[in-house]
Amino acid sequence: MPKKPTTKRASNSSRRKTQQQAHWATHWLTRIIVVFITAAVVSHYWPQLRSLTDVSQRQLSARAINGTVELQIALAREGFSPGSIDGVSGAQTQAALLAYQTSHGLPRSGIFDADTAQFLQIQEPVFTTRRLRAEDIAAVGPKPQSWRARGELDRMRYNSVVEMVAEPAQCDPDFITDLNPGISWHQLATGDSVRIPNVPPFRVQPAAAYVQIRLAKRTLRVFSADHRLLFHCPVSIARRVDKRPSGELRVKVRVDQPNYTFNPAILSSTAQREGITQKFIIQPGPNNPVGTVWVGLNLPSYGIHGTPEPEKVGRTESSGCFRLANWNAQTLLDAVHLDMPIYIEP
C-alpha cells in the first residue's frame, strides 16, 4: 500500500505553533526584564521621589506664620537659624531672615514682609509632646563646680531636665519653662510629658562647597559650589581682635562627641586659681567645653565647635575659636569635608 504523503498544511501548522511559542517566550521574557528594570530605577531614585511627595504634602499643609515663635521655628526648619528659639524678635532673628531672603532672591528687608510671607510658611504640627524616657533622665547630672571636677566625670551630661529638653528642640531653657507652666522640673520622671517646638535636625542639601564666617556680623554661612546659600547660623568669635583669624583656612579634622584636654599652659589663670599643674581630659557630652562637635582647622588650636551654653552664642565671645550652638555645630559637621575651605571675612 503506498505511503500517505505529508501535506504542506501540516508542515505550516507545526511552524506556526513553534513561532507562537517563541513569541510568547519572548513576550514574557521582555515583561520580566521591564519589571526588574523598573524596580531597580524606583529603588535608585526612591529618595528623590519621596522627597517630591513630601514637598507636595508640605505645600498642602503649610499655612501663614503667626507671631515671632512660629517665625523662628519656620526659619530653623529651613536651615536659617535664629539661634535659640525664645520668641524674641532680635538681631539674630533679623539676620536669619536676611539670609533666607538672600537665598530665595527676595527683597532683603530683614523683616517678615509680604514678599517673604508668600514663600516662608509653617507646617503643622508647630509644637509636639516629648515623653521622657529612662535614658533622658539618665542624661542629666549635677553641674561640676570646678574644672578639676569636670575632669573626674565619666560624661559631661546636661545639668538639668529643662536643659536636656530645650537643647534638642533648639530652644532657650527659659522659653521651654514658659511653654510648660505649672511643671515642677525637679520632679519630672520617666513617662512624664513636656511641650516643645517641632524642629527636627537640619541637614544641608545639596552638597556644601565652602563655609564663610563674617566676623562683624557674627554669622556662619554654608554655600554650594554655585554659591547658593544653604545654611546660616550665629557664631561667637574671639574676644581679643588679635586672636581672630582671617583669610582662608581649611578643615583638617571632624570629630563627633569630642573630649577636651585641659591645658594649664593655655588656661593659665584658671589653672593658677585651682592649683592645676598638669593636663587632664574632660569626657564628651553636651556640656563639654567644646560641646558635641569639633571641626579642627589648619591653624593650630583653632576650630569650630559646640558649646555648653547655646543661648549665649553670638552674644558672648570666645577665647579664640568659633563657637556654635550644639545643634548648628552638628549640622555643620555633617556638611563639611576634610580640606573644605573656610573663608574668614572682617
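These lines cover the structure that appears in this document, whether it is placed above or below. From a predicted model like this one, the values you see are computed outputs, not experimental measurements.

Rules used throughout
Residues numbered from 1 in each chain as written. Predicted model: local features only at pLDDT ≥ 70, side-chain atom pairs only at ≥ 80, totals over all residues. Heavy atoms only, no water. Helix = DSSP H or I, 4+ residues; strand = E, 2+ residues; numbered from the N terminus. Buried < 20%, exposed > 50% of the residue type's maximum accessible area, 1.4 Å probe, protein only. Contact = heavy atoms within 4.5 Å. Areas by Shrake-Rupley, 256 points an atom, 1.4 Å probe, with all protein chains shown as cover. 1 Å grid on protein atoms, 1.4 Å probe; cavity = no way out; pocket = protein on both sides within 12 Å on 5 of 7 lines; lining within 4 Å. Points joined across faces, edges and corners; volume = space filled by probe spheres on them. Nonpolar A, V, L, I, M, F, W, Y, C, P; charged D, E, K, R; others polar. Polar contact = N/O pair within 3.5 Å; in protein donor to acceptor, adjacent residues only side chain to side chain. Pairing = 2+ DSSP bridges. Phe/Tyr/Trp six-rings, centres within 6.5 Å; stacked < 30°, edge-to-face > 60°. Salt bridge = Lys/Arg side-chain N within 4 Å of Asp/Glu carboxyl O.

When its secondary structure is counted, the chain shows ten helices and 14 strands. Burial status across the chain gives 41% buried among its 346 residues. Contacts in the chain between residues at least 24 apart in sequence constitute 61% of all its contacts with a sequence separation of at least 6. Just so you have it, the chain exposes about 19,700 Å², and 54% of that area is on carbon and sulfur atoms.

Our focus in this paragraph is empty space enclosed by the protein. Summed over all chains, the structure comprises one cavity of 30 Å³ or more. Of the pockets and cavities examined, the largest cavity occupies roughly 50 Å³. Lining the largest cavity, in full, are Ala76, Gly79, Phe80, Ser81, Gln170, Phe202, Phe231, Trp327, Asn328 and Thr331. The element that contributes the greatest number of residues to the lining of the largest cavity is helix H10 (residues 326-335), accounting for three residues. Of the residues belonging to the lining of the largest cavity, the class tally is five nonpolar, five polar and no charged.

On to the side chain of Ser236, then. Here Ser236 is to be found in the loop between strand E7 (229-234) and strand E8 (247-256). A polar contact is formed between the side chain of Ser236 and the backbone nitrogen of Gly314, at a distance of 2.8 Å. For Ser236, the residues in contact, after removing those within four places along its chain, are Lys312, Val313, Gly314, Arg315, Thr316, Ser318, Cys321, Phe322 and Arg323.

Glancing now at the environment of Arg315. Examined against the element boundaries, Arg315 turns out to sit in the loop between strand E12 (303-305) and strand E13 (322-323). Taking the C-alpha atoms as reference, Arg315 lies 9.0 Å from Pro234; in sequence the two are 81 residues apart. Each residue touching Arg315, except ones within four places of it in the same chain, is listed here: Asp86, Gln92 and Ser236.

Here H10 lies mainly inside the structure; nine of its ten residues are buried. Looking at the buried side of H10, the elements it contacts are strand E5 (210-214), strand E6 (219-223), E7, E8, strand E11 (293-297) and E12.

Attention now goes to the pairing of E5. Across the five residues of E5, four count as buried, placing the element largely inside the fold. Pairing between E5 and E6: five bridges, direction antiparallel. By the bridge assignment, Gln212 is partnered in E6 with Arg221. Hairpin geometry of E5 and E6 is characterised by an intervening segment of four residues between the two adjacent antiparallel strands and by a positive phi of about 55 degrees at Arg218.

Once that is clear, we can look at the packing of aromatic side chains. One pass over the full model with this rule turns up seven aromatic pairs. Summarising the aromatic geometry, the rings of Phe80 and Tyr100 are spaced 5.5 Å apart at their centres and angled 85 degrees between planes, so their arrangement reads as edge-to-face. Within this pair, whereas Phe80 is found in the loop between helix H2 (67-77) and helix H3 (91-103), its partner Tyr100 is found in helix H3, the two being separated by 20 residues in sequence. Tyr100 matches Phe80 in its accessibility class, with the two residues each being buried. When the centroid spacing of 5.7 Å and the interplanar angle of 75 degrees are considered together, the rings of Tyr210 and Tyr343 count as edge-to-face. Within this pair, whereas Tyr210 is found in strand E5, its partner Tyr343 is found in strand E14 (residues 341-345), the two being separated by 133 residues in sequence.

Within the secondary structure, Val88 is located in the loop between H2 and H3. Each C-alpha atom of the pair Val88 and Val69 lies 7.6 Å from the other, and the pair is 19 residues apart in sequence. Once residues within four sequence positions are removed from consideration, Val88 is found in contact with Thr68, Gln72 and Thr93.

In this section: the sheet that holds E6. Strands sit in the order E7-E6-E5-E14-E8-E11-E12-E13 across an open sheet of eight strands; the sheet is mixed. Looking at the sheet topology across the chains shown, the edges are occupied by E7 and E13. Pairing of E8 with E11 involves five bridges; the strand directions are antiparallel. By the bridge assignment, Val255 is partnered in E11 with Trp294.

Another aspect to go through is the pattern of salt bridges. Here the structure, examined in full by the defined rule, presents 14 salt bridges. One salt bridge in this structure joins Arg133 and Glu135, with 3.5 Å as the shortest N-O distance. Owing to a relative accessible area of 46%, Arg133 belongs among the partly exposed residues under this scheme. One salt bridge in this structure joins Glu248 and Arg250, with 2.6 Å as the shortest N-O distance.

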